[in-house]
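Descriptive structure summary
Each chain, letter by letter, is given below.
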Amino acid sequence: MNMNVCDESIKELSLVYDEESLDTFVSLYFDGRDTQFMEHREKAVETVLKHDELKDFAKTMKLIKTYLERTDVGNVAIFASHRHDYFKVIPLPVKIENALIVDASPYIRPLARLADTWREFTLVLLNSNHAKIFSTSCGELREREELSAEIMNNHKKGGWSQARFQRLRKGSIHAFLTEVAEELQKITDRDIILAGPGQIKKELQALLPKQLQETVIGIIDVGIDNEQELFKESFALMADKGEEERSGLLEHIKKEILTDGLAVHGVEAVLEAARNGQMEVLLVEGGYRLRGWICEQCQAVGKGESLSCPYCGKRTSEVDVVEEIIEFAERTDALVEFTDDEDIEKLGHVVALLRYK
């Protein structure tokens, strides 16, 4: 099955970095309106950077501003580096806090949290002769398929002809629902919401393979033309499911910690697991950040300040250590989750389930 576009972008971005530890990547999260914010951040960065880094930054910002001037953008994330000939634009379906970060690699944390909040799901809206299948991408629903069938109208004559008519009509509806079920199997294998009027939704569910039936997380009664209200209800349903899953995940991690099982907590332990590729799931306190450093040459990361790497002697860059943990997690295909549950603070702000010890 296809990955969420958000997930694909985050994975790509996590693999990009400057091996010479130069601050050459600009990550811009922008609402498309607050140009004063951009000007303020640009001036602030220029007061800090020197020599080649300053020249690279100016050229990168020129690329970004040229793009923004030529394109009618709303909420957007832009990741760019003139030095590395890198320019990636990700339209965002919802407003995100403005930020301009300069670092040795793209700053992916806001995008990762957006992907965690707006989880991928598939929505089927149907009646007895028409169906639309929608998929999500970074919190935006897009239509994947539209299916229709010629179904005979209700027959009002009595006797044998009416019974025969009803059998034919029922057979036509069954054939149409079978077609919808087959198309749905091609598109997804998880998190399905079925919507529409009457019992037709449950008839479709019954035709799905058992494994796919178990992925149906909600059934919504709604008119076939009431799409906007349906979309709101679908996203709310997914948000509730996400909160429930994160709560369950945190409880599971606590049990693993109590039994000295496959879990670690606290920045240092989680960072070590991340660097070793041991993490299966990373759970991060939503707003927590920790100042530290990274050596892009040998990928060493530490808390506090260090102008040079204590392992290879190369120059380091100042980073948010939690951001680096997230990047390591994305590179090794670990699932990244965020929570505001107060218990995670007691566990050291970041926790992880492991693949192995």
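The rules behind the values
Residues numbered from 1 in each chain as written. Predicted model: local features only at pLDDT ≥ 70, side-chain atom pairs only at ≥ 80, totals over all residues. Heavy atoms only, no water. Pairing = 2+ DSSP bridges. Helix = DSSP H or I, 4+ residues; strand = E, 2+ residues; numbered from the N terminus. Axes fitted to C-alpha atoms, helices over the stretch in contact; angles between N-to-C directions. Parallel < 35°, antiparallel > 145°, perpendicular 65-115°, else oblique. Left-handed = near helix turned anticlockwise from the far one by under 90°. Contact = heavy atoms within 4.5 Å. Nonpolar A, V, L, I, M, F, W, Y, C, P; charged D, E, K, R; others polar. Salt bridge = Lys/Arg side-chain N within 4 Å of Asp/Glu carboxyl O.

**Quick look at the sheet that holds strand β14 (residues 317-320)**
In any sheet, the strands associate via hydrogen bonds between backbone groups, in a parallel or an antiparallel arrangement. With antiparallel pairing, three strands are arranged side by side in an open sheet as β13-β12-β14. Of all the strands in the sheet, just β13 (300-303) and β14 have a single pairing partner and so form its edges. Sheet twist, expressed as the average angle between the axes of neighbouring strands with direction ignored, equals 35°. Judged from the four bridges that link them, strand β12 (residues 291-295) and β13 form a sheet pairing that is antiparallel. Each bridged residue has a counterpart across the sheet, and for Trp293 the counterpart in β13 is Gly302.

**Structural notes on the packing of helix α9 (residues 267-275) against helix α10 (residues 321-331)**
Where α9 meets α10, the closest approach of the two axes is 9 Å, and the angle between their N-to-C directions is 30°. Compared by their axis directions, α9 and α10 come out roughly parallel. You can see that α9 and α10 cross each other, and the crossing is left-handed. Across from Val267, Val270, Leu271, Ala274 and Arg275 in α9, the residues of α10 making contact are Val321, Ile325 and Phe328. Grouping the constituent residues of the contact of α9 with α10 by class yields seven nonpolar, no polar and one charged.

**Focus: the pattern of salt bridges**
Taken as a whole, this structure holds 30 salt bridges when the rule is applied. Between Arg190 and Glu120 there is a salt bridge whose closest N-O contact spans 2.7 Å. You can see Arg190 sitting in the loop between α5 (159-187) and β8 (192-196) and its partner Glu120 sitting in the loop between α4 (109-117) and β5 (122-126), a full 70 residues away along the chain. Through salt bridges that share partners, Asp116, Arg119, Asp191, Lys241, Glu243, Glu245, Arg246 and Glu337 make up one connected network.

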